[in-house]
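The residues making up each chain are set out below.
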Amino acid sequence: MRPPTLTGPTMDTRRPEQLAALVAEAEALTRNGRSQEAHGLWERILAIDPEHASALNQLGAQALARGDLDSAESYLQRVLAVAPRTATTHASLSRLHAIRGDRDRALEAIDAAIQIDPTAWVPHVEKARLLEEAGQLRVAGLHWGNALNYMPESVQRQQHLQQLVMHAQAAVRRNQDDLAGHLEDNLSPLLHGHGTREVERIRHSLDILAGRRSFPAARPLTLPIPRLPAIPIFHREDFDWAPDVEAAFPDILRELHALLDHDADFEPYVQTPDGQPKGQFAPLDRNVDWGAYFLWKHGRRIDDQADRCPLTEAAMARAPQMKVPGRAPVVFFSALKPGVHIPPHNGATNARLTVHLPLIIPPDCALRVGDETHVWEPGKLVMFDDTIRHEAWNRSDRLRVVLIFDVWHPMLTPLERDLVTAMTGGLMSFYGSDADLGEL
């Protein structure tokens, strides 16, 4: 008696499992560059399922790679018949049409690929190449820029792509230079005769378009307040309380010199809690190369130290300082020794601005916020959003000292200030008063 033949429902039950196993094996071989071995498996898959989109797509790509354009087109068109929104298939067809010299159809196909998957970098490369060949260098520059924006950094560093990446970067730079000149010519009549403040935002926009500066981005580490503009450095003239604080500069400077003359104890500003990662601040951790002399710290007055600086404290009362129980005000003299660099970092919340009153400023000392570098001038306040990446340095051979304090962000309403205070209290009660919440 013969054994039963495996047909009908029994075979149908096994086929999906068999197909899935074949697909997994073929995909693994393809990923590992073993396309020849994968080829036979894709054909077996297609024999089981003649409309299998991945098999058709892979066989089409392989045919294209070996120059068999007719077979490639047949496979790729069959993909689109069953899966019309397959971006890689449209990209392969674009290359096929380009090889045949049909630029119009090549552009049409690559546009379809980009429409399906706008953030895939390869189609932007293909379109940039097609546009370059057509002499459309400006639009090509846009797509080279898109390709670089969407290409992961790890991919950009791959050795076999270095020539492509350098070509794209050069095309983008050339395009930015041409665009900058074009826009300057167009805007020159409107910009002429206006003061720096009146056209500052537009000038910065031109710099961004020309690749001379980046678009500033705030990144609060603990308490973000949305819908506040990311302004790196504010204009001191816009703050009505600033002249009163600046008027106290001579008194504050005298009190600072009295502290320095009597060897007042400056403590290390960076004091990372045990068990916490030190990160980029490791060289400054528990190191008085960046020292602080606090009058107020975490909302608490340091009586012995504040009593030695009554005029400084009186000046601070004229500013709209943050008042958050357990957190603010914070007022301190920040001393940076010669040759010390405070590495780039982001602050905890954009609900406040950090304010510097420069006191002792040798040459070669500066603050950078985003792409804006500011050279301190003694007695002139600097207000900035410290949630934008910033750094500072003292490249001189003398001590640099500024007075640092915080004020409320000027765009917050009184109600929002109260709510931020309550939110900060809530964060502290939720995580514990000793939790590392940054400088809230």
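Residues numbered from 1 in each chain as written. Predicted model: local features only at pLDDT ≥ 70, side-chain atom pairs only at ≥ 80, totals over all residues. Heavy atoms only, no water.

Draft legend 1. How the structure looks around helix H7 (residues 121-133). For H7, which comprises 13 residues, the first-to-last C-alpha distance of 19 Å matches the rise-based estimate of 18 Å (1.5 Å per residue) to within 8%. Along H7, the residues that are buried comprise Trp 121, Pro 123, His 124, Val 125, Glu 126, Lys 127, Ala 128, Leu 130 and Leu 131. The inward-facing, buried residues of H7 contact helix H5 (87-99), helix H6 (103-116), helix H8 (137-150), helix H9 (153-156) and helix H10 (162-191). Once H7 ends, the next one or two residues include Gly 135, with phi positive near 80°. (Helix = DSSP H or I, 4+ residues; strand = E, 2+ residues; numbered from the N terminus. Expected span 1.5 Å × (residues − 1). Buried < 20%, exposed > 50% of the residue type's maximum accessible area, 1.4 Å probe, protein only. Contact = heavy atoms within 4.5 Å.)

Draft legend 2. Main features of the packing of helix H4 (residues 69-82) against H5. Where H4 meets H5, the closest approach of the two axes is 10 Å, and the angle between their N-to-C directions is 150°. Judged by the inter-axis angle, H4 sits roughly antiparallel to H5. You can see that H4 and H5 cross each other, and the crossing is left-handed. Facing Leu 69, Ala 72, Glu 73, Leu 76, Gln 77, Val 79 and Leu 80 of H4, the residues of H5 in contact are Thr 89, His 90, Ser 92, Leu 93, Leu 96, His 97 and Ile 99. (Axes fitted to C-alpha atoms, helices over the stretch in contact; angles between N-to-C directions. Parallel < 35°, antiparallel > 145°, perpendicular 65-115°, else oblique. Left-handed = near helix turned anticlockwise from the far one by under 90°.)

Draft legend 3. Highlighting the pairing of strand S6 (residues 352-360). Taking burial as the measure, the 9 residues of S6 include 8 buried ones, the bulk of the element. By the bridge criterion, 8 bridges tie S6 to strand S11 (residues 400-408) in an arrangement that is antiparallel. Across the sheet, the residue bridging to Pro 358 is Val 402, located in S11. Here S6 pairs with strand S9 (residues 382-384) via 3 bridges, running antiparallel. Directly across from Thr 354, in S9, lies its bridge partner Phe 384. (Pairing = 2+ DSSP bridges.)

Draft legend 4. The arrangement of helix H16 (residues 414-431) in detail. The terminal C-alpha atoms of H16 lie 26 Å apart, and with 18 residues this matches the ideal 26 Å at 1.5 Å per residue to within 8%. Those residues of H16 lying buried are Val 420, Thr 421, Thr 424, Leu 427 and Met 428. Along the long axis of H16, the arc covered by the buried residues comes to 120°, so they all point the same way. Facing away from the buried side of H16, by more than 90 degrees, are the exposed residues Leu 415, Asp 418, Ala 422, Ser 429 and Phe 430. Phi turns positive one or two residues past the end of H16, at Gly 432, with a value near 105°. (Arc of directions from axis to C-beta.)

Draft legend 5. Structural detail: the side chain of Thr 312. On the secondary structure map, Thr 312 appears in helix H15 (residues 310-316). On the basis of relative accessible area, Thr 312 is assigned to the buried category, the value being 0%. Discounting chain neighbours no more than four positions away, the residues touching Thr 312 are Ile 252, Glu 255, Leu 295, Phe 333 and Leu 403.

Draft legend 6. Focus on the sheet that holds strand S8 (residues 372-374). With antiparallel pairing, the 4 strands of this open sheet are ordered in space as S5-S10-S7-S8. Each edge of the open sheet carries a strand with a single partner, namely strand S5 (341-345) and S8. Across the sheet, the mean angle from the axis of one strand to that of its neighbour is 15°, orientation sign disregarded. The pairing of strand S7 (residues 365-369) with strand S10 (residues 390-394) spans 5 bridges and is antiparallel. Residue pairing in the sheet places Leu 367 in a bridge with Ala 392 of S10.

Draft legend 7. Layout of the packing of H6 against H7. Running from amino to carboxyl end, H6 crosses H7 at an angle of 155°, the nearest separation of the two axes being 9 Å. Compared by their axis directions, H6 and H7 come out roughly antiparallel. The chirality of how H6 crosses H7 is left-handed. Across from Arg 103, Ala 106, Leu 107, Ile 110, Asp 111, Ala 113 and Ile 114 in H6, the residues of H7 making contact are Pro 123, His 124, Glu 126, Lys 127, Leu 130, Leu 131 and Glu 133.

Draft legend 8. Highlighting the packing of aromatic side chains. Under the defined criterion, the tally for this structure stands at 8 aromatic pairs. Ring geometry for Phe 234 and Phe 239: centres 6.2 Å apart, planes at 65°, overall edge-to-face. Look at Phe 234 and you get buried, because its relative accessible area is 14%. Look at Phe 239 and you get buried, because its relative accessible area is 8%. For the pair Trp 241 and Phe 405, a centre-to-centre distance of 6.4 Å together with 65° between the ring planes defines the contact as edge-to-face. Here Phe 405 lies in strand S11 and Trp 241 lies in the loop between helix H11 (200-209) and helix H12 (242-247), a separation of 164 residues in the sequence. For the pair formed by Trp 241 and Phe 405, the shared burial category is buried. Site record: aromatic cluster; members linked through ring pairs are Phe 234, Phe 239, Trp 241 and Phe 405. Over the aromatic face of Phe 294 sits the side chain of Lys 297, whose NZ or CZ is 4.7 Å from the ring centroid. Arg 400 extends its terminal NZ or CZ atom over the ring of Trp 376, reaching a point 4.9 Å from the ring centre. (Phe/Tyr/Trp six-rings, centres within 6.5 Å; stacked < 30°, edge-to-face > 60°. Lys NZ or Arg CZ within 6 Å of the ring centre and 35° of its normal.)

Draft legend 9. Fine view of unusual backbone geometry. A cis geometry characterises the amide bond from Ala 328 onward to Pro 329, with omega recorded as 15°. With respect to the helices and strands, Pro 329 occurs in the loop between H15 and strand S4 (331-336). At Asp 263, a residue that is not glycine, the phi angle is positive and equals roughly 55°. On the basis of relative accessibility, which here comes to 63%, the residue Asp 263 falls in the exposed class. With phi around 55°, His 298 is a residue other than glycine that occupies positive phi space. The residue His 298 is located in the loop between strand S2 (290-297) and strand S3 (300-301) in this model. A relative accessible area of 45% means that His 298 is categorised as partly exposed.

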